[in-house]
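A look at the structure
Next come the chains, spelled out residue by residue.
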Amino acid sequence: MEYAKKMRPSPRKVLCVVMYFASAAFICFITRGIYLRFDYKRVIFPAAEPLVCNRNRSVHRRPPGTESKTEISDVFIGVKTTRKYHSSRLQLILDTWYSLAPEEIYFFTDVDDSSLQEKTNGHIVNTGCGQGYAMPILCCKLSIIISMFHETGKRWLCHVDDDNYLNVPNLVNLLRQYDHNQDHYIGRESLPKPKVVVDSAIRKEVQFWFATGGAGVCYSRALISKMMIYASKENFQKTCARIGQPDDVTIGFIVESLLNRTLTKVCTLNSHLQTMADIPVGEQKKQVTFGYDLKDLRLKGVNVINMTAVVNDDPTRLKSFHCTFFRGYGNCPEIIPEPPPAN
Ligand code: UDP
Ligand code: MN
């Protein structure tokens, strides 16, 4: 009896042994995690650009898997436009970034235009929504884009305004970082704080982040499928009316308030509030989108990419920018200066 008592380990010893095994298990678990993370980067993104800035570090990064990499053919790009911009803004897009993805880009406008229809191989959609900035008209236009995307089998929907420059390869690199089978709403936050509105269905204030339509917004197929009950062409105008807000604000309401998902804030998406003149020279070619503002005097005379206009009649400098980085794509002159050194 006395002997048995002596042989029984003291509670302190038992605690030590338990702690020892628990720490060993913990260390194994952590190192396995590091290994998986390392493996994921090496296998999935061997040639990707450095991560573009992402303000809220999405928790849904693309996991290891066997699915093919996202290519431009997996993306549907909608450009919102209107009759009065066909000969100015649309022509500028046709002269520049349209040539980087002519199969994937569709223009959503409010009239028929046979000459543009011919130039784009039938990619002009007359939404029938009417012209103007009125909330129901803009909501109607976006709902047609969403519904048309939904009928395709593509992985991603991105839409931009017609005063955006879209760097297509950078867009594909951005999307490759996310899994289209998970819910992703990717854009530039419009305001420095969440938008507060009254949801008339519950007569209560709600608040949410929303991505500004003017900087370009992307959605995964998984998310669009969930959004359809609020954002299809039959439903979106009702949802806009429910909060009395325009298209991009209503999208934020649907995603954050109704579906409880979050906006992934990406700062390489820029609207006309961030033109080339606001972006340091070495950073310009890393942006996914930027806007322009013809009233911005900084774009006149001195070129923000360190050269005079390489194309005649280039007040926005978008042709000069495009032809410098994408020779052979678009309406570029034969001889183009070397790109400026990145700094
Ligand atoms: N737009 C439209 N219908 C109109 C006016 C504008 O669809 O009657 C589109 C326009 O083509 C652009 C977007 O709405 O894609 C934003 O227009 P704009 O850049 O003129 O104004 P912003 O809101 O950026 O100041
Ligand atoms: Mn604009």
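Please read these numbers as outputs of a predicted model, since none were measured by experiment.

1. Considering helix α11 (residues 318-325)
Summarising burial for α11: seven of the eight residues are buried, a large majority. Taken together, the buried residues of α11 touch α3 (86-95), β5 (164-166) and α10 (281-284).

2. Here's the deal with helix α9 (residues 247-258)
Here α9 lies mainly inside the structure; ten of its twelve residues are buried. Of all the residues in α9, the buried ones are Asp247, Asp248, Val249, Thr250, Ile251, Gly252, Phe253, Ile254, Val255 and Glu256. Once α9 finishes, Asn260 follows within two positions and takes phi at roughly 60 degrees, a positive value.

3. Structural notes on the nonpolar core
With 68 residues, the main nonpolar core has Leu157, Cys158, Leu171, Leu175 and Cys218 as its most contacted residues. Here this core spans two domains, since at least three of its residues come from each of domain 1 (68-265) and domain 2 (276-325). Not counting residues within four places of it along the chain, the set of residues in contact with Leu157 comprises Phe76, Ile146, Phe149, Cys218, Tyr219 and Ile224.

4. Re the packing of helix α7 (residues 221-231) against α9
Following both chains from N to C, one finds α7 and α9 inclined at 115 degrees, their axes separated by 10 Å at the closest point. Judged by the twist between their axes, the crossing of α7 over α9 is right-handed. Contact residues: Met227, Tyr230 and Ala231 in α7; Ile251, Ile254, Val255 and Leu258 in α9. Its residues placed into classes, the contact of α7 with α9 shows seven nonpolar, no polar and no charged.

5. Brief notes about the packing of helix α5 (residues 135-151) against α7
Between α5 and α7, whose axes approach to 11 Å, the crossing angle comes to 140 degrees. Considering their axes alone, α5 and α7 lie oblique with respect to each other. Crossing hand, α5 versus α7: left-handed. Contacts between α5 and α7 involve Ser143, Ile146, Phe149 and His150 on the former and, on the latter, Ile224, Met228 and Ala231. In terms of residue class, the contact of α5 with α7 is built from five nonpolar, two polar and no charged.

6. A look at the sheet that holds strand β4 (residues 156-161)
The seven strands lie next to each other as β3-β2-β1-β4-β9-β6-β10, forming an open sheet whose pairing is mixed. Every other strand in the sheet has two partners, leaving β3 (124-126) and β10 (263-265) as the edge strands with one partner each. Averaged over all pairs of adjacent strands, the angle between their axes in this sheet comes to 25 degrees, without regard to strand direction. Of the pairings in the sheet, the one linking strand β2 (residues 105-109) to β3 comprises three bridges and is parallel in character. Counted as the bridge partner of Thr109 is Asn126 from β3. Set on the sheet, α7 makes contact with β4, β6 (185-187) and β9 (217-220); between it and β9 the angle comes to about 90 degrees.

7. Looking at the site of ligand 1
Around ligand 1 sit 13 residues, and of these Lys80, Thr81, Thr82, Asp161 and Asp162 come closest. Considered class by class, the residues forming the shell around ligand 1 number two nonpolar, six polar and five charged.

8. Digging into the confidence of the model for the protein chain
A residue-level look at the protein chain finds 73% of positions with pLDDT of 70 or above and a mean pLDDT of 83. Across residues 1-7 the pLDDT falls below 50, and counting only partners more than four positions away or on other chains, this stretch makes zero contacts in the model. Segment residues 26-51: pLDDT under 50, and ten contacts once partners within four positions in sequence are set aside and those in other chains are kept.

9. Here's the deal with unusual backbone geometry
One non-glycine residue with positive phi stands out, namely Asn260, at about 60 degrees. With respect to the helices and strands, Asn260 occurs in the loop between α9 and β10. A positive phi angle, close to 65 degrees, is found at Arg317, a residue other than glycine. Along the chain, Arg317 turns up in the loop between β11 (289-291) and α11. The exposure class of Arg317 is buried, given the 27 C-beta atoms found within 10 Å.

Definitions and cut-offs
- Residues numbered from 1 in each chain as written.
- Chains lettered and ligands numbered in written order.
- Predicted model: local features only at pLDDT ≥ 70, side-chain atom pairs only at ≥ 80, totals over all residues.
- Buried ≥ 20, exposed ≤ 12 C-beta atoms within 10 Å, placed from the backbone.
- Helix = DSSP H or I, 4+ residues; strand = E, 2+ residues; numbered from the N terminus.
- Contact = placed C-beta atoms within 7 Å.
- Core = buried A, V, L, I, M, F, W, Y, C linked by C-beta atoms within 7 Å.
- Domains from an automatic or database assignment.
- Axes fitted to C-alpha atoms, helices over the stretch in contact; angles between N-to-C directions.
- Left-handed = near helix turned anticlockwise from the far one by under 90°.
- Nonpolar A, V, L, I, M, F, W, Y, C, P; charged D, E, K, R; others polar.
- Parallel < 35°, antiparallel > 145°, perpendicular 65-115°, else oblique.
- Pairing = 2+ DSSP bridges.
- Near = placed C-beta within 6 Å.
- pLDDT = per-residue confidence, 0-100.

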